[in-house]
Structures are given as structure tokens and as C-alpha cells.
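# Residue-level structure breakdown
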Amino acid sequence: MEELRADDIRVLGTYVLLARLTPAGGEPRLLARRPAAEGLAEITLVRDEHARATTAALRAAAGPGFPDLLEDGTAARPPWLAWRYVPALTLAEAGALMYAGLPHGTVRALAGRLAAPLARLHARDVPHGALTADAVLLTPDGPRLTRPRRTGTAPDDIAALGDLLTHASAGRAPDDPLLRRCSHQEPEQRPSAQELVEELGEEPFEPPARLVGALARQADRALALESAADAPPAAPAARPARRTLLTAAGAGLLLGAGSVAGWVAGRGGTDALTSPAVATRRTTAGAAVVRGTPPAALWRYDSKNEFLWQYNSLLWHSDGKVIYLVEHPELTALGMGDGRPVWQRGGFDTRETLVSTQPGTLVLTRNDRFLAVSTEDGLQLWTKRTAHPDLLVDAVAGYDKGRDLLYYRAVGRENTVPGTAPRTYVIAFDTAARAERWRLKVPAGEEGEVMLEIAPDDLKVMYAVEGGLVLADVDPRTGTMGRPFRHTWTPSGGKLSVNRLTGHIYAFGGGRLAAAPLRVNKPVWRLNLSDDGGTAEPPVVSAPTAVEVPGLGTVLYVTDAHRNVFAIDPVRGREIWRRTLLPDPPYALVKSAPGLAMTRSRHTLLAYGRGAGVVALDPRNGAVKWTFQSKQSASSLYQVHTVGDTAVIMNGASVFAFPAG
């Protein structure tokens, strides 16, 4: 649930809008109150031209498994539908909270409860056409489908149901043979919705305690918003206030999943969360927060630009007090205390990452020029051409604070012309003199892969050539390259990185990781991270990160595209622990390895990307501390930076700050 934004409408028909709910089925949802009637409503802003026809289908198949329609506003502009509000999580949200997946009995009940509304639709020759993890809503008394879209066929709905059940089981196909048939490649081999209803019956839907807790907190916030907008009269003594019941739901989390779900169902179902009291119950102050629930956000900033995570692969800050964002075409400085802009400057036609150089100076590249701005107010300090006109800036490698040198990689403009010998350079730019200090031509292969390792005492260059990898020291004063050392053990097609903390070169990719000392042409260990036995394509592996962890010493952390996070002993190459995150959605075109970030205290390791959103782990044992999703869509992309012990999370156009120490 999110606050309304500045440009959001505030009234639709007779409904006063209060907050944004998690989008479902690709359509915005809003919390609203009905001044003329008691209770809250949910407004869906419908987006297709067939909304009235699908609403008619929904009315014809109304019943359990669909929300209660209150009012049809599809003839209005913008078109909308109003439903009775019930606290609900999308299946994508539930997956983020339940790392081992929903219990088997809950998954089986989920299948039966979703098959029932599908069967009513299919009996009228209407396919649903929108069964995805963010289009199924889980409520305290069962799942509900969003409105049908009338696309596809009935067997397509069953296949989509099979995908949903796999998603609910954390990526594992259900053990039940009937449910596994839903995903059969041959449509005629899939069960019908009616067959599922007859076989599964009306099994009780008992959401785990963690989900019930999240629903109770959502209801509590919804009612707080309603009270703030239009405070109701005091309730009679014989009828406890709604807040009392909601607090009871939170306190009841201590009872366990069955007890909490039973309490909700036994006292009026969802009415016990969102309607006046149907029974009395004493409450306990200070109910414990459920494990897995994220801490309260310190602040949130909403940008006009939805690609923040792309422009800010690095995040610069001033002593943890101010962070700097590239918003294209603007630069913004945000105060870490409250997330409010300290200053904002426009006219920066660049999508490049900021680099912090001299004190009080930020540098970025724009059209082959360096552009320096002040951290105090964002005003331009100076601009300078970055390289010779026949060279293009390929990437900024880093800044040497002791020598005021900004290192970057440049390539010849002709490098993209077939048959032309590629040219790759490492260039040192003196930021004090605002002039090129030296230029080193690197004999890299056709890929032009060059990496720099910058340290206060030396500079190393590493580049790929046919038959291996070359590592050499470079004199940072003159750019003279020392005697190269060739590594021939590195696998073809793999990625390479150097880590100074461990003193090793790492080769990673294809589900494997290997390590060798910087000047030893032989790996000291190799590790197969894949458990597929060679039956599937090996997953992409991320570059390993070495961190000193209290109680463990130096640990390597690495992830793969199967959504595993590994902690590895860098001396022996042995796995310490692994944690499997929620899988990427089945429709994701690219299966990527999650990113990692560590807090300054080394008490929290944050994994991020898509699917599970952001996951805070204990770096000592991989235990899940909490999870966070903003848009609650499995396809959303996330970027995480740590500023001290604060996690700065970027998702879409929003930036969130969370305590993460």
C-alpha cells in the first residue's frame, strides 16, 4: 500500500480515493471510502476497450473466487470498477514472504479454489486469459481472480494455473499428479477446471501465519487511512472498535498458522478484519513483528524517471549525509535523513554513472567530455574533452584519490568496422590539471576486454587475449606497463575478476567458479555450483565478492541465474551455505544472477534483482531476515546500494531507504 502521488486523482464517482494498492493483472488498484455507506472499497482502473464485455462475463460467473462487484464505472472516463475491499496480497507478494513456498495443503486448496471460478467461466465458453502471479489475490478466506480478459482458451487457463501452482511452490512442480497434469504440453492431456473442482473439492484454505500477519497489517493501515479521512463516531461499548480486532489479528500471530487462520475464519472471515466487530477479543500490546517483514522505511523519493536503476549502477554520497542521483536530464542530491532534495539541476544530457573525484566534485561524461559539478549546489565547475577525437570513451574505471587521476577506457571509432584491427587504451586524466596525463595502448583481443584494479600503492591492468588472460603492473605516474604474466588455465567464454582482499584471480561462468593466485598459472581450487548433473544449461554466475564477516573471517559471496546465493570459503573453495531465492517469473526473457550488497556492520547481506525483490540475509548462515517488494510484481527490477547501515533501494521511479544494520 502506497500513498497517493501528487498527480493522482482524488475522487471517482462517489468514491474518495485514499491510497494506492498493489497493481493486479496489470491494472492500478486504489483504496477508497464510500461516504454514503460503511466500509472501504477497492477501485480498479481498467485499461482495455472490452472492459464492459468482461464485466458482463464476471457478473454471469459471480461467486466464490471472484471479488464482490459494487459498482460498474466502465462507461466513465477513466473507466473503473469498484469492489468490496478485502485485505489481499498478490501471489507474487506471498511468494516473496514465503521462501520455501506455500505449504502443500495450501497449494492444493489454492488449486481447487481457483478452479471453481474458472469452471463457471468455462461453462459459458469464456476463458479467463489473465492468470499470472500478480493477477491472483490471496485473502484471509481464499484466493480471488481479477476480472477475466476473454483471451486464449480454456486449456490455456489450465496451463497458466499450473504455472501459478509452481510459482506458489517456490519454483517446484506440485507433487500431486493431477496438479502436474495442468502443465502438460498437450492441451488435451490437461484436466478441465470442472475435473479439478470434482477431484479437489472444497479443501479449507489456511494461509500461513506470516501471510495472515501481512493481511492484518494491511487492514490496519487501510482503516487508519479511513479514520484520518473521515473519523467515524465512537463505537458503542458492546461493540469493540475495528482497531481492537486488527490488533488482535497481529497479536494472534504468536499462535501459529492454523490458529490464526482459524481465528479469522471462525469470526466472520474477512469481516473480522474490515468490518465492525462480530465478537470480542482481548488484545496484547506490543505484538511481535513476524520474521520476514521489512522494517519501516525511513523515507521514499519518487522520481519522474523510471530508469533510475540503470543510470545509478554506482551511488555516490557525502559522508553518508547526501546521495547523488542521475535522473536524466537532471542531477539530484537527496538528504539521507529524510529523502528530500537538497538541490536539483537540469540540463545534463547523460545516462552515465557519476564519479566522485576531488573533494566537493562529481564528474560525469557527456558527448566525450568530462563534466564536473559541485556537490554543494550542482552548479557546473568545468568541462573538458575526454580524449582524442578519433577515440570514444568506453567506460570510466575509477579514481585514484592520492594522485588526482581519473582512469577510463577508450576505444577507436573504427573498432566496430569488420576487418579492422581493434584499438583499446587505458587513459589517465589529471582532474587537478584537467589534462590527459598518459595513454597506454593495451593489446587486448577483438573483444577489447580490459579491467583495471586501482589501489593506493599500485595499478594493475588485466586483459583477455587468445589463449588466456594477461595481468600486468602499470606505473601510475607514467603509464608504463611492466612485464606481463599470462594465465592459460582460464576457461574459454568465462568471465574474470581480481580480488585484492583474497589475492586471487577468479574465473566464473557456466555454473562453475575457480581461483588462482595473481601470479600462479594454476587454479588452487575449482567449485561446481550447479546441481543439475549436466542435464540443463549451466547457469550464469556473478562476479564473486569478498567480505570480512565477524565470526567467519573472509568469505566469498556469489550468485547464479538459478537464484542461488552462495557463501564460499576462499581458502579451500568449499561451500559454507547457500540460499535459494524466489525464481524469476516464467515469462522473464533474461535469467540473471541477483546482485549483492553488504552493510558496513557486515551484519546484513542484501540480494536483489527481480522475482523476490530485495532479500536481507544473515551473512553468517544465509537465514532470511526480511524481504521487500515495492510494486510487488515478479518482473520488477531492483537495485540496492548501502550507505553505512542503510539500504538504499531503487525500483522503477522510486527510491526507498531502510535501516539494514
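Here the structure is a predicted model, which is why all the values come from computation and not from measurement. (Residues numbered from 1 in each chain as written. Predicted model: local features only at pLDDT ≥ 70, side-chain atom pairs only at ≥ 80, totals over all residues. Heavy atoms only, no water.)

The next subject is helix 6 (residues 193-200). Buried within helix 6 we find Ala-193, Leu-196 and Leu-200. Considered in projection along helix 6, the buried side chains sweep an arc of 60° and stay on one side of the axis. Of the exposed residues in helix 6, those oriented more than 90 degrees away from the buried face are Glu-198 and Glu-199. Where the residues of helix 6 are buried, they touch helix 3 (104-122), helix 4 (154-168) and helix 5 (177-181). (Buried < 20%, exposed > 50% of the residue type's maximum accessible area, 1.4 Å probe, protein only. Helix = DSSP H or I, 4+ residues; strand = E, 2+ residues; numbered from the N terminus. Arc of directions from axis to C-beta. Contact = heavy atoms within 4.5 Å.)

All right, on to the sheet that holds strand 29 (residues 504-509) then. Reading across the sheet, the four strands line up as 28-29-30-31 and stay open at both edges, with antiparallel pairing between neighbours. Edge positions in the open sheet fall to strand 28 (495-499) and strand 31 (525-528), since each of these has one partner strand only. The sheet shows a mean angle of 20° between the axes of neighbouring strands, direction not considered. Sheet topology note: the strand 29/strand 30 (residues 512-517) ladder contains six bridges and is antiparallel. (Pairing = 2+ DSSP bridges. Axes fitted to C-alpha atoms, helices over the stretch in contact; angles between N-to-C directions.)

Judged by nonpolar contacts, the single largest core of 46 residues is most densely connected at Leu-91, Leu-110, Leu-138, Leu-196 and Leu-211. Here this core takes nine residues from helix 3, the largest share from any one element. Each residue touching Leu-138, except ones within four places of it in the same chain, is listed here: Pro-87, Ala-88, Leu-89, Leu-91, Ala-94, Leu-110, Pro-143, Phe-205, Leu-211 and Leu-215. (Core = buried A, V, L, I, M, F, W, Y, C linked by side-chain atoms within 4.5 Å.)

On the secondary structure map, Asp-134 appears in the loop between helix 3 and strand 9 (136-139). Buried charged residue Asp-134 carries no salt bridge. Nearest counter-charge: Arg-149, at 8.3 Å. (Lys, Arg positive; Asp, Glu negative; His and termini not counted. Salt bridge = Lys/Arg side-chain N within 4 Å of Asp/Glu carboxyl O.)

Let us now look at the pairing of strand 13 (residues 322-326). Taken across its five residues, strand 13 has five buried, putting it largely inside the fold. Side chains Val-322, Tyr-324 and Val-326 project from strand 13 onto one buried face, and the interleaved Ile-323 and Leu-325 project onto a second face that is buried too. In this structure, strand 12 (residues 316-318) lies alongside strand 13, joined through three bridges in antiparallel fashion. Within strand 13, the position partnered with Ser-318 by the bridge is Val-322. In this structure, the hairpin formed by strand 12 and strand 13 is closed by a connection of three residues, where Asp-319 is found at a positive phi of approximately 55°. Relative to strand 14 (residues 331-335), strand 13 runs antiparallel, the two sharing five bridges. Bridging from a neighbouring strand, Ile-323 pairs with Leu-334 of strand 14. Between the end of strand 13 and the start of strand 14, which pair antiparallel, lie four residues, with His-328 showing a positive phi angle near 45°.

Moving on to the environment of Ala-160. Positionally, Ala-160 belongs in helix 4. Using a relative accessible area of 16% as the deciding quantity, one classes Ala-160 as buried. For the pair Ala-160 and Ala-130, spaced 30 residues apart in sequence, the C-alpha separation works out to 8.4 Å.

Attention now goes to the pairing of strand 22 (residues 424-430). Burial of strand 22 is extensive: seven of the seven residues sit out of reach of the surface. Neither face of strand 22 is exposed, since Thr-424, Val-426, Ala-428 and Asp-430 on one face and Tyr-425, Ile-427 and Phe-429 on the opposite face are all buried. Here strand 21 (residues 405-412) pairs with strand 22 via seven bridges, running antiparallel. Note that in strand 22 the partner of Tyr-408 across the bridge is Ile-427. With six bridges connecting them, strand 22 and strand 23 (residues 435-441) associate as antiparallel partners. Looking across to strand 23, one finds that Ile-427 is bridged to Arg-439. Connecting the antiparallel pair strand 22 and strand 23 is a turn made up of four residues, with Arg-434 showing a positive phi of about 55°.

Before going further, it helps to spend a moment on the packing of helix 3 against helix 6. Contact pair helix 3 / helix 6: the axes reach a minimum separation of 8 Å and the direction vectors enclose 140°. What the angle tells us is that helix 3 and helix 6 run oblique. The handedness of the crossing between helix 3 and helix 6 comes out as left-handed. Touching Arg-108, Ala-111, Gly-112, Ala-115, Ala-116, Leu-118, Ala-119 and His-122 of helix 3 are Ala-193, Gln-194, Leu-196, Val-197, Glu-199 and Leu-200, all from helix 6. Of the residues belonging to the contact of helix 3 with helix 6, the class tally is nine nonpolar, three polar and two charged. (Parallel < 35°, antiparallel > 145°, perpendicular 65-115°, else oblique. Left-handed = near helix turned anticlockwise from the far one by under 90°. Nonpolar A, V, L, I, M, F, W, Y, C, P; charged D, E, K, R; others polar.)

Another point: the environment of Thr-357. Position of Thr-357 relative to the elements: it lies in the loop between strand 16 (355-356) and strand 17 (361-365). Counting along the chain gives 74 residues from Thr-357 to Thr-431, while the straight-line C-alpha distance between them is 7.7 Å. Thr-357 has contacts with Val-363, Tyr-399, Leu-406 and Thr-431, leaving out every residue within four places of it along the chain.

Together, Arg-369, Lys-384, Arg-385 and Arg-434 make up a region of like positive charge exposed at the surface. Relative to the helices and strands, Lys-384 resides in strand 19 (residues 380-385). (Patch = residues over 30% accessible without salt bridge, like charges linked within 9 Å, V, L, I, M, F, W, Y side chains within 5 Å. Areas by Shrake-Rupley, 256 points an atom, 1.4 Å probe, with all protein chains shown as cover. Charge placed at Lys NZ, Arg CZ, Asp CG, Glu CD.)

Spatial ordering of the open sheet is given by 16-17-18-19, a layout of four strands whose pairing is antiparallel. Here the strands that pair on one side only, and so sit at the sheet edges, are strand 16 and strand 19. One ladder, built from five bridges, connects strand 17 with strand 18 (residues 369-374); its direction is antiparallel. Counted as the bridge partner of Thr-361 is Ser-374 from strand 18.

Bringing the pattern of salt bridges into the picture now. Following the criterion strictly, the structure yields 24 salt bridges and no others. Arg-147 is the salt-bridge partner of Glu-27, the closest N and O atoms lying 2.6 Å from each other. Of this pair, Glu-27 sits in strand 4 (residues 27-33) while Arg-147 is found in the loop between strand 10 (142-145) and helix 4, placing the two residues 120 residues apart along the sequence. Residue Glu-27 is classed as buried on the basis of its relative accessible area, which comes to 4%. Here Arg-181 and Glu-195 are joined by a salt bridge, their closest N and O atoms 3.2 Å apart. With Arg-181 in helix 5 and Glu-195 in helix 6, the pair connects residues that are 14 residues apart, well separated along the chain. Overall, Arg-181 belongs to the partly exposed group, its relative accessible area being 32%. With a relative accessible area of 26%, Glu-195 lands in the partly exposed category.

A few words on the confidence of the model for the protein chain. Considering every residue of the protein chain, the mean pLDDT works out to 80; 82% of them sit at 70 or more. Ranking the helices and strands of the protein chain by mean pLDDT puts strand 37 (residues 605-608) first, with 95, and helix 8 (residues 242-251) last, with 28. Of the regions scoring below 50 in pLDDT, residues 231-291 engages in 90 contacts with residues more than four places distant in sequence or in other chains. (pLDDT = per-residue confidence, 0-100.)

A few words on the packing of helix 3 against helix 4. Relative orientation of the contacting elements helix 3 and helix 4 amounts to 160°, with a least axis distance of 11 Å. Of the possible angle classes, the one that applies to helix 3 and helix 4 is roughly antiparallel. Seen from above, helix 3 lies across helix 4 with right-handed handedness. On helix 4, the residues that touch Val-107, Leu-110, Ala-111, Leu-114, Leu-118 and His-122 of helix 3 are Ala-154, Asp-157, Leu-161, Leu-164, Leu-165 and Ala-168.

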